[in-house]
Amino acid sequence: MTCPTIRQGLVFCRHPVQNRLTSGQGRLHDDTIEPRTYSCGVAKLSATDTQAGANSLRSGPDGRGRFGIFGGRFVAETLMPLLLELDGAYRAAQADPEFRRELDYYLKDYVGRPSPLWFARRMTRELGGAKIYMKREELNHTGSHKLNNVMGQILLARRMGRTRIVAETGAGQHGVATATVCALFGMKCAIYMGATDVERQKPNVFRMRLLGAEVVPVTAGAGTLKDAMNEAMRDWVTNVHDTYFLVGTVAGPHPYPQMVRDFQSVIGVETKEQIMAAEGRLPDTIVAAIGGGSNAMGIFHPFLDDPEVRLIGVEAAGCGLDSGRTAASIERGRPGVLHGNRTYLLQDADGQITEAHSISAGLDYPGVGPEHSWLSDIGRAEYVGATDQEALDAFQLCTRTEGIIPALESAHAIAYAAKIAPDMAEDRIIVVNISGRGDKDIFTVAEHLGVKL
Amino acid sequence: MSRIARRFATLRQQGRGALIPYVEACDPDFDTSLAILRGMPAAGADLIEVGVPFSDPSADGPTIQKAALRGLKGGSTMKRVLEMVAAFREGDDETPIILMGYTNPIEAYGPERFCADARKAGVDGLIVVDMPPEEADLLAGPAAAAGLDIIRLVAPTTPDDRLPVVFSGASGFVYYVSITGVTGTRTASTDELAHALPRLRRATDLPIAIGFGIRTPELAANAVSVADAAVVASALLNTLEATLDANGQATARTVPAVLEQLRALADAVHAVRK
Ligand SMILES: Cc1ncc(COP(=O)(O)O)c(C=O)c1O
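- The name given to chain B in an unreviewed UniProt entry is Tryptophan synthase alpha chain, and the organism recorded there is Komagataeibacter oboediens.
- UniProt, in its Pathway (unreviewed entry) section for chain B, records the words "Amino-acid biosynthesis; L-tryptophan biosynthesis; L-tryptophan from chorismate: step 5/5."

1. Side note on the interface of chain A and chain B
Then, in step 1: Counting from both sides, the interface comprises 38 residues of chain A and, opposite them, 40 residues of chain B.
Then, in step 2: Contact between chain A and chain B buries roughly 2,900 Å² in total, counting both sides, with carbon and sulfur atoms accounting for 47%.
Then, in step 3: Measuring nitrogen to oxygen at the nearest pair gives 2.9 Å for the salt bridge that ties Lys226(A) to Asp56(B).
Then, in step 4: Our enumeration of links across chain A and chain B arrives at 20 residue pairs in polar contact (both at pLDDT 80 or more).
Then, in step 5: Among the elements of the structure, strand E2 (70-74), helix H2 (80-94), helix H9 (225-238), strand E11 (334-338) and strand E12 (340-345) of chain A are those that each provide at least two residues to the side of chain A that touches chain B.

2. Points about the environment of Ala120(A)
All names here are of chain A.
Then, in step 1: Summarising the element assignment, Ala-120 is placed in the loop between strand E3 (117-119) and helix H4 (121-127).
Then, in step 2: According to the relative accessible area criterion, Ala-120 is buried, its value standing at 0%.
Then, in step 3: Through-space distance from the C-alpha of Ala-120 to that of Val-431 is 9.8 Å; in sequence the pair is 311 residues apart.
Then, in step 4: If sequence neighbours within four positions are ignored, Ala-120 has contacts with Ile-132, Tyr-133, Met-134 and Glu-402.

3. So, the packing of helix H3 (residues 97-111) of chain A against helix H5 (residues 146-159) of chain A
Residue and element names in this part refer to chain A.
Then, in step 1: Where H3 contacts H5, the two axes come as close as 10 Å, and the packing angle between them is 135 degrees. By the angle between their axes, H3 is oblique relative to H5. As for how H3 packs across H5, the hand of that crossing is right-handed. Only Leu-147, Asn-148, Met-151, Gly-152, Leu-155, Leu-156 and Arg-159 of H5 make contact with H3, whose side of the interface consists of Phe-99, Glu-102, Leu-103, Tyr-106, Leu-107, Tyr-110 and Val-111.
Then, in step 2: The class makeup of the residues in the contact of H3 with H5 is ten nonpolar, two polar and two charged.

4. Description of the site of the ligand
All names here are of chain A.
Then, in step 1: Of all residues adjacent to the ligand, which total 17 residues, the nearest are Thr-249, Gly-291, Gly-293, Ser-294 and Ser-435.
Then, in step 2: For the ligand, an oxygen atom lies 2.9 Å from a polar atom in the side chain of His-145.
Then, in step 3: In this structure, Ser-294 approaches the ligand through a side-chain N or O atom, which is 2.7 Å from an oxygen atom.
Then, in step 4: Here the ligand, which alone exposes 390 Å², has 97% of that area covered by the protein.
Then, in step 5: Two domains each donate at least three residues to the shell around the ligand, and these are domain 1 (76-109 + 145-259) and domain 2 (116-143 + 265-448).

Rules used throughout
- Residues numbered from 1 in each chain as written.
- Chains lettered and ligands numbered in written order.
- Predicted model: local features only at pLDDT ≥ 70, side-chain atom pairs only at ≥ 80, totals over all residues.
- Heavy atoms only, no water.
- UniProt positions renumbered as here; feature names shortened; annotations may be inferred.
- Contact = heavy atoms within 4.5 Å.
- Buried area = accessible area lost by both parts, 1.4 Å probe.
- Salt bridge = Lys/Arg side-chain N within 4 Å of Asp/Glu carboxyl O.
- Polar contact = N/O pair within 3.5 Å; in protein donor to acceptor, adjacent residues only side chain to side chain.
- Helix = DSSP H or I, 4+ residues; strand = E, 2+ residues; numbered from the N terminus.
- Buried < 20%, exposed > 50% of the residue type's maximum accessible area, 1.4 Å probe, protein only.
- Axes fitted to C-alpha atoms, helices over the stretch in contact; angles between N-to-C directions.
- Parallel < 35°, antiparallel > 145°, perpendicular 65-115°, else oblique.
- Left-handed = near helix turned anticlockwise from the far one by under 90°.
- Nonpolar A, V, L, I, M, F, W, Y, C, P; charged D, E, K, R; others polar.
- Near = heavy atom within 4 Å.
- Areas by Shrake-Rupley, 256 points an atom, 1.4 Å probe, with all protein chains shown as cover.
- Domains from an automatic or database assignment.

So, in C-alpha cells, the structure goes:
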C-alpha cells in the first residue's frame, strides 16, 4: 500500500529532499494511558561498567541483558536454557583468539571488508553545506551490512554444533545473507518472511531459494517482519535440539542485541580509522537508518564515548510521523515487551502491537533494538523520521549524484543527511551509513514513480 | 487457603486428577466466551484457564493464534477479560480461574493495578508465557500483595540444576509444557511423561499440570495418571472454530459443542483413580 501523498514521476529538481521535517522530538502519547515514569539510563550506568571503563556508554548490557530498563529475556521457559547456553557460548567465543582470527578471515576474504568510506563530492556540492561521507556497506558480499552479523553468528552456531539455521527477514537482505552462509557451510536453512514482503521483495526470495534455503511465507498479521519474527521463534522452540536462531538485528532476547551489535561494530571501528585518515578528526554527525537498528548500532557504538559526535537514527516515518502509518517506534511508540525484550513499541492503549508501515520492507517493524531505546532516553542519540516520499527522493538523489543506488532503507538516512547538510558549515562532516544497495528495490521504486518495468 | 490450593487439596482427598480447560476471552464474542466459561464447571472443569488475547502470541500454534485474533476482533481488552471473570464469579465462588497470556498487555495495564483489579474480579492465578523467572520481578511483588498465584512453566529443556530457579517463587501449581514446541501440535508420549514427572516431583511439592498437545480423553487420562492435572486448550478451540458461521460468528452449536467435548474429557480424567 502506498501513501496517498506519494508523488509520481521522476524528481529532477535541484534540492529534492528539502521537504519540511514533520517530526519534532516530542512524543505522541495516547491520552488513555497512565503516565508512568521509568527509572533508566545514567543512574544505572555505573553498575554496568566493566571493561569499557568508568562512565563508558559502551559497557552495556548488564548481567540481565538490560540497557537501563530496556532489553532482558522475555521468552517462554522452553527457550530460556537455550539463551543461557548461547550467552555462555558467545562469551567463550569472544574470549577465544581463534574465533576472532576465523571471523577476521571470513570478513576479509568472503565479505570483502573493510568497506570504503567514500567522500560524496557531488552530493555534497549539490546540497551545499557539510561534507558528506558514505560508509559503503552496500559493497559487502550480498549487498548489505547484514553479512557482518551473519558471518559472526554462523561461526558461533558451528562451534555450538548446530546443523540447522532459522531466521526471520523483512527486506530479504538478512535472509539472503543467512542463506548465503548456509550454502557456504552446507547447513540446512529455513527463512521466515512475511507474505507481503515475499511479494515486494521477489528478487531476494528467488535468490534465497537459489542458495538452497526454504523460504516460508508468513500470512499471520500484516505479513511483515514482526510476523516473520513470531514464526521463526515458533520454529526455534519446536526444533531446539539441532536449530540455531540467527537473529538479523539488534533486537530479540539477550544476548542477541549485544551479540549482533558487537558483530556489526566493525562498521564503526573502520569508520573511525578511515575518517581519521581522511580528515584527521572525528565526524560531527553520523546518520543511519533504523529498522531493528543493527546498521545504526554498528556504526554508533564505537562513537558512544565521543560526545562531540552527534548520532542520529532515522526511523521510517511512512506517510508522516502523525499519519498513524509509520514504523517510528521510538518517536511514536512507548515502552513494552515484544520478541523477548523491553523496548519502544508501536502499540495501542491495551498493549496490542500495531502494524508498522514503511515503503521499505527492512524498516517495517513496530519495535527497535533495546539499546537504541536506552540511547534515546538518556539523550546520547537522537531519533528522527524520514517519510516514504523523502526516502524515494533521496534514493534518486544518491543514484543521480553519486552513481550509487542505495537500498530504500539506507535512503531514509540519506534523506535526513540531505535535510541537515545545507544548514551546516562546509567544514562540518557527516557520515551516512549506506547499509545496503538498492537493486532489490527498483521494482518498488518504479511502481511509485509510475514506471512499468 | 487460596482457591487453587483448596481445589487441589479436595481432589487429592478424593483421589482424583484435575481437568483444566481453556477458553479464550471474547472468542468469538464476549457473551459466547462467558457462556462457555459459566458452563465449564458443570461440564467437569476443576480449574479454568482464561486466555488473554495478544496480537503476537509467539509461543502458540495456529489454533490459539486464531482464537486470540478472534478474541481481539470480538472486543477483548484486559478490562473486558476482567469483567468476564467478575461475571463468572457472581455464580461460582469455588472454581479457580487462571489468566494465561503475555507480558505486554499486563505491562500496558500497569502491573500493580492489574494484579489488584484481577484479584477483585476473582482471578486466582497468572500464567505469563513470556515471563521466565529471570524477569518475574515485574509481577512478583504486586501478585503477592494481591494474593495471586504465579504459575511457573517448566519445559523438557529445563535442566535439573535450573529447576530450583524455576520453582522459586512458584505457587498454586506447576505447568509442565510437555513438548518442545508451540501449543496444539505434537503430543508427548507416555514414555516421555513417565520420565519427566519424577524429575519434577523431586524438585517441587506443588501439584503438576501437564499441557500442550492433549487433545483426546485418552491422552487426558494418561496425563493425570502421572500428573495432577491435564490442560486442554487447542482441542476445545478447534471444536469452537468448527461451529462458527462463515463470518466467524457463534452459532447455536458453539457453546454446547465445546461443553460436550469438555464433558467427555472430564469423564475420562475423573475415571482415573489416584
Ligand atoms: C539494507 C538494509 N538496511 C537497513 C535495514 C534495517 O535493519 P537494521 O536497522 O537492523 O540495520 C535492513 C533490513 O532489512 C536492510 O536490508
